Structures are given as structure tokens and as C-alpha cells.
Amino acid sequence: MASESRLRRWFKLAAVFGSLCFALLVAEGGARLFEKRGGHSRLFTEFDPLLGWRKIPGKSGVMKTGEYEVTESINARGLRGPVVPHEKPDGEYRVLVLGDSFVEGYTVEDDQHSTAVMMRLLDAAPGETRFEVINAGTGGYSTDQELLFFTSEGHKYRPDLTVLVFFDNDTWYNAQSKYTVGAKPVFHLDESGNLQLQTSHVVPLSQSGSALAGFLWDHSHLYRRIRRKLARPGRLEDANAAYQMPLSEQMKKAWRVTTAILGELKKETAEIGSGLLVVYTPGNYAIYEDVASERLEKYGQAAGERDFGRVARDLEQACAEHGIPYLDLTPLLKAEAAKGNILYFRKDGHWNLDGHRRVGEWLAAAVLEKQKQ
């Protein structure tokens, strides 16, 4: 009887173990399917030891959500648009545009994003000057990564003008060592107030942990998904820290780092004879009142606890500290919204086709004004 009881227990344990293995196999299959249909970062980026991640050179694929279906192509240099040689021909005026997903423009087709619109308008401008626009936007980048891209690659194009497009969450992530995509570089200020890169080599999640963790990372999509989830930073600070009234001490520190990064970019661009223009774009919640109300309700906040115009003012002050020309797109976007024009995807939050068209027009006009100076 005792042996039969033990046998039954073994059968129960085997059944539980088999069920667990089956559940893990199903979850692994689901994770593999999700990976293939996953977000932009999983489909179009790879690890980079300096920048944290970069777009995959030569990658082409489809981004599909409930709001758009877009084919994006990445050139052999890992940028969106045609390959531009580093050597600049005589008589050519080059514009390098740095930024995050707004600049990369993965919510619209290859010929519809703002820098493509800029290029067409500049080509059509009267005069003998030839123009070239280089799109160096990468989803998830903050100002720190954009500075590092410029010093490692962007400067090679010898741009006459460097345009930095700044978004609301850049300040917060300029003081963070990770983003939803993965680990990232981070700067800090030393005791003398000088900007220092905290680490010269980003360690990917796949290399952080034991040998078993590395094996699972290489072979299990489910494990990779769980690790990425656990590594994600808090979304509340990402969404709201820059608008908080008053600013937290952590956010004040992030602004000091951000201001120093802007100063360093000003110095680096000046060393190669490039002008610098900082362009601020707000989120759709700063343009459309109904979107703002939804955002406040989502986070359980009163309107008086957040100031969605704060980032534009703080950024203008940071630029003024270093004598950097500054363009705030907020008034232009609000003027379009007042006409009933929708320039953002509501759920995704990025510019839609009309948004890219209008921003491309405004940036082209700013470039022509700079070129005349």
C-alpha cells in the first residue's frame, strides 16, 4: 500500500511538472509570436555598446498598429533615407537632424516623414544652393545619446547646420541609465560642474547575470521578455516629472545635466563649423485639451498639479544659457489645432502624416533663414 501511495504521488508530481512544462511551452510560443509582431524597438533596433541601441543597418519591415501600417527602410549606415557620403561636395548646404522617434518618423512612410518633406522643399527653393538633409533620429534616444551620436558619427557628415529636436521626456532620461528599450549611457556632473560620461561601455541585459541567465537570454524569448519588463523604468516619472509643480530635486538635477549636454553639443558643433538649432516639440496633450484631460485622469491628477507648457520654457532658458538658437513648435501646432487640424495620432502620440508635413515645412523655413545668415 505504501508503495502504491508513493507511486500515486509520483504520478501527481509528474502531472504537475508536465502541466508546468506545457504552460511554459505555450508561453514561449506566445513570446516568440509577440517578438515577431512586437514594437518598433524589437523589430528595428539592436544593441550598441556606446549608445545603448541603434537602428539595424539594411533593415526593412512593417510597423502595424491600430492607427497605421507603415513600411520603414533603414539604410546601410543605420539611418532612415538614402545613404549620404561623409564627404560634402562644394556648394552643398547640409542639415543633420538629431532626435528620437518623432524625427525617425516610423509612423509614416519613408517619403513622408518631416526630414523628407524638408528635403523636397529645400530642393525647390530658389537659388543655386544644393541642400542635403540627414535624418539621424532614433526611437527612444534622449539628448545624451544624440550628443554621443554626433561625436561618434554625425560630425563626419560636416553639417552646416545641426538641428536637435527635443521632446518632453528627454530631460528625465538624460539622468537615467535605462529606458524601455534597454540600458543606455548616462552623463553626470562632477564636483566642478563638468559633464562626465558615467560609463564608456553600456552592458546589455544579455550580459548582466549568471551563465545560466546568458543561456536563457540567447535561447528563450519568454525569458528575454520577462527581463525587459523587470528592467523597465517607472512610467509615472517618465510621463509627468517634467511638468510637475514644483519640480522634484531629481528633476532639477536632470535639468542641470541636460543643460550641460546642450552646452557640450554647442561646443562640438562649433568645432566643425556647424550651426546649432534646438527645436522643441510638445506631446499631443499640450496641444489638445481633451487629450490633456484624459492624461490627467489616467494618472489621477488635478489640472493645477501639472503645467504642460513648462518644458518649453525650461528648455528655452537652458538654450539661452549657452546662446543656442531655439524654436518652439507649440504655438505653430496650437494654431493648426485651432483650425481643427489633427497632427498627432491620438493613442500612439506621434505626429501623423499631416503633422510630419507641417513640421517639415516649418523646419525647412527655419533652415532657409539660417542659411541666409
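Residues numbered from 1 in each chain as written. Predicted model: local features only at pLDDT ≥ 70, side-chain atom pairs only at ≥ 80, totals over all residues. Heavy atoms only, no water.

1. Concerning unusual backbone geometry
Okay, step 1: Of note in this structure, Arg 158 is not a glycine but carries a positive phi near 50°.
Okay, step 2: Considering the arrangement of structural elements, one finds Arg 158 in the loop between helix 5 (143-152) and strand 7 (161-166). (Helix = DSSP H or I, 4+ residues; strand = E, 2+ residues; numbered from the N terminus.)

2. Topic: the packing of helix 4 (residues 114-124) against helix 14 (residues 353-372)
Okay, step 1: At a closest axis distance of 8 Å, the pairing of helix 4 and helix 14 adopts a crossing angle of 50°. Relative to helix 14, helix 4 is oriented oblique. Regarding helix 4 and helix 14, the two cross each other, and that crossing is right-handed. Side by side, helix 4 and helix 14 meet where Ser 114, Val 117, Met 118, Leu 121 and Leu 122 of the first sit next to His 356, Arg 357, Val 359, Gly 360, Glu 361, Leu 363, Ala 364, Val 367 and Leu 368 of the second.
Okay, step 2: Its residues assigned to classes, the contact of helix 4 with helix 14 shows 9 nonpolar, 3 polar and 2 charged. (Axes fitted to C-alpha atoms, helices over the stretch in contact; angles between N-to-C directions. Parallel < 35°, antiparallel > 145°, perpendicular 65-115°, else oblique. Left-handed = near helix turned anticlockwise from the far one by under 90°. Contact = heavy atoms within 4.5 Å. Nonpolar A, V, L, I, M, F, W, Y, C, P; charged D, E, K, R; others polar.)

3. Details of the pairing of strand 5 (residues 92-99)
Okay, step 1: By the criterion of burial, strand 5 is predominantly enclosed, with 8 of the 8 residues buried.
Okay, step 2: Neither face of strand 5 is left uncovered, since the one carrying Glu 92, Arg 94, Leu 96 and Leu 98 and the one carrying Tyr 93, Val 95, Val 97 and Gly 99 both have all their residues buried.
Okay, step 3: Where strand 5 lies against strand 6 (residues 130-137), 8 bridges are found, and the strand directions are parallel. Note on strand 6: the bridge partner recorded for Val 95 is Val 133.
Okay, step 4: Here strand 5 runs beside strand 7; their pairing, made up of 4 bridges, is parallel. (Buried < 20%, exposed > 50% of the residue type's maximum accessible area, 1.4 Å probe, protein only. Pairing = 2+ DSSP bridges.)

4. With respect to the pairing of strand 10 (residues 275-280)
Remark: a regular strand shows side chains that alternate across the two faces of the sheet.
Okay, step 1: Extensive coverage of strand 10 is indicated by the burial of 5 of its 6 residues.
Okay, step 2: Relative to strand 10, strand 7 runs parallel, the two being bridged by 6 bridges. Within strand 10, the residue paired with Val 163 across the bridge is Leu 277.
Okay, step 3: Bridge count for strand 10 against strand 11 (residues 326-328) is 3 bridges, and the pairing is parallel. The residue of strand 11 that forms the bridge with Tyr 280 is Asp 328.

5. A look at helix 10 (residues 249-271)
Okay, step 1: For helix 10, which comprises 23 residues, the first-to-last C-alpha distance of 34 Å matches the rise-based estimate of 33 Å (1.5 Å per residue) to within 8%.
Okay, step 2: Burial in helix 10 covers these residues: Met 251, Ala 254, Trp 255, Val 257, Thr 258, Thr 259, Ala 260, Ile 261, Leu 262, Gly 263, Leu 265 and Thr 269.
Okay, step 3: Positive backbone phi, approximately 80°, marks Gly 273, located one or two places after helix 10. (Expected span 1.5 Å × (residues − 1).)

6. What about the pattern of salt bridges?
Okay, step 1: Tallied over the full model, the rule gives 18 salt bridges.
Okay, step 2: A salt bridge links Asp 110 to Arg 80; the nearest nitrogen and oxygen atoms lie 2.8 Å apart. Of the two residues, Asp 110 is situated in the loop between helix 3 (101-104) and helix 4 and Arg 80 in the loop between strand 4 (69-73) and strand 5; the sequence distance between them amounts to 30 residues.
Okay, step 3: For Glu 336, the salt bridge is made with Arg 358, and the minimal N-O distance between the two is 3.1 Å. (Salt bridge = Lys/Arg side-chain N within 4 Å of Asp/Glu carboxyl O.)

7. Observations regarding the sheet that holds strand 10
Okay, step 1: With respect to topology, 5 strands assemble into an open sheet ordered 6-5-7-10-11, the strand pairing being parallel. For this open sheet the edge positions go to strand 6 and strand 11, each flanked by a neighbour on one side alone. Sheet twist, expressed as the average angle between the axes of neighbouring strands with direction ignored, equals 20°.
Okay, step 2: Running over the sheet, helix 10 touches strand 5, strand 7 and strand 10 and is turned about 145° from strand 10.

8. Points about the packing of aromatic side chains
Two numbers describe a pair of aromatic rings. These are the distance of the centres and the angle of the planes.
Okay, step 1: Going through the model one piece at a time under the given rule, you end up with 12 aromatic pairs.
Okay, step 2: Measuring from centroid to centroid gives 5.9 Å for Trp 53 and Tyr 141, while their planes differ by 55°, and the two rings are tilted. Of the two residues, Trp 53 is situated in strand 2 (residues 52-55) and Tyr 141 in the loop between strand 6 and helix 5; the sequence distance between them amounts to 88 residues. Tyr 141 shares its class with Trp 53; the two are buried.
Okay, step 3: Pairing Trp 53 with Tyr 179 gives two aromatic rings, centres 6.0 Å apart and planes at 20°, and the pair type is stacked. You can see Trp 53 sitting in strand 2 and its partner Tyr 179 sitting in the loop between helix 6 (170-173) and strand 8 (187-189), a full 126 residues away along the chain. The same class applies to Trp 53 as to Tyr 179, namely buried.
Okay, step 4: Through pairs of rings, three or more aromatic residues link up here, namely Trp 53, Tyr 141, Tyr 173 and Tyr 179. (Phe/Tyr/Trp six-rings, centres within 6.5 Å; stacked < 30°, edge-to-face > 60°.)

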